[in-house]
Amino acid sequence: MNILIHPTYFPSISHYIAMVQAESVTFEMEDNFQKQTNRNRMYIYSPNGVQLLNVPIKHSKDKHQKYKDVKIENDFDWQKNHFKSLEAAYRTSPFFEYFEDDFRPLFEKRHEFLMDLNLEIFELVNNTLGIKIIPEKTTEFFHDVPNFIDLRHLANGKKDTTQLEIYTQVFNDKHGFINNLSILDLLFNEGRYAVDYLKRHHL
């Protein structure tokens, strides 16, 4: 299975199911940026239920700005807010403290481009999961990709209908199981067992 997929901000669990099971992974690098997608957002399980964490971006006058050219708006401390939100959500999870020192530096580093941030996140998450995925990268854009399984739609959470097997989440007793959050939800709750979980699923 050769898949074409987007790098996103702390990808969804379904993203990782696809990547872990693929024979090869190719990242779409040449498409136009689309707002309100997981390119610059992730969903976590907060004490109040689903919480959206959004990376602010600099708005461009060009309606068809390439995803790889999108710059992050660093005028306010969104990173500190995101890390505080992760702490509030996962401090009591089984594996947050184990991985905390791996993730903290990422939220203390400034990135100019969203794509660079997302590619660094990809490497970091792979390291914490203990997996190795070496993606190819596109050099031009194609609508139709007959040589790939096209999973670019997974970057748009509304089009992703993946139903996951239940695992224990921190606030299960308050809000029940919440499906297909960021990979961080699975990692902080399941640790390295997350990889076995990913391999049991099929998209």
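Residues numbered from 1 in each chain as written. Predicted model: local features only at pLDDT ≥ 70, side-chain atom pairs only at ≥ 80, totals over all residues. Heavy atoms only, no water.

Peer 1: Mind showing me how you'd approach the environment of Ser14 here?
Peer 2: Position of Ser14 among the secondary structure elements: in helix 1 (residues 13-21). Between the alpha carbons of Ser14 and Ile183 there is a distance of 8.4 Å; along the sequence they are 169 residues apart. Beyond its immediate chain neighbours, meaning those up to four positions away, Ser14 contacts Leu154, Asp160, Thr162, Asn180 and Leu203. (Helix = DSSP H or I, 4+ residues; strand = E, 2+ residues; numbered from the N terminus. Contact = heavy atoms within 4.5 Å.)

Peer 1: What is the right way to look at the packing of aromatic side chains in this model?
Peer 2: Scanning all chains against the criterion turns up 15 aromatic pairs. On the numbers, 5.9 Å between centres and 5° between planes, the contact of Phe10 with Phe107 is stacked. Linking Phe10 in the loop between strand 1 (2-5) and helix 1 with Phe107 in the loop between helix 3 (96-103) and helix 4 (114-129), this pair joins segments that are 97 residues apart in sequence. As far as the burial class goes, Phe10 and Phe107 line up, both buried. Ring plane angle 80° and centroid distance 5.9 Å describe the contact between Phe103 and Phe188, whose orientation is recorded as edge-to-face. Highlighted residues: Phe103 in helix 3 and Phe188 in helix 6 (residues 183-190), separated in sequence by 85 residues. For the residue pair Phe103 and Phe188, the accessibility class agrees, reading buried in each case. Through pairs of rings, three or more aromatic residues link up here, namely Tyr9, Phe10, Trp78, Phe83, Tyr90, Phe96, Phe103, Phe107 and Phe188. Sitting above the plane of the Tyr67 ring, Arg39 keeps its charged end 5.6 Å from the centroid. (Phe/Tyr/Trp six-rings, centres within 6.5 Å; stacked < 30°, edge-to-face > 60°. Buried < 20%, exposed > 50% of the residue type's maximum accessible area, 1.4 Å probe, protein only. Lys NZ or Arg CZ within 6 Å of the ring centre and 35° of its normal.)

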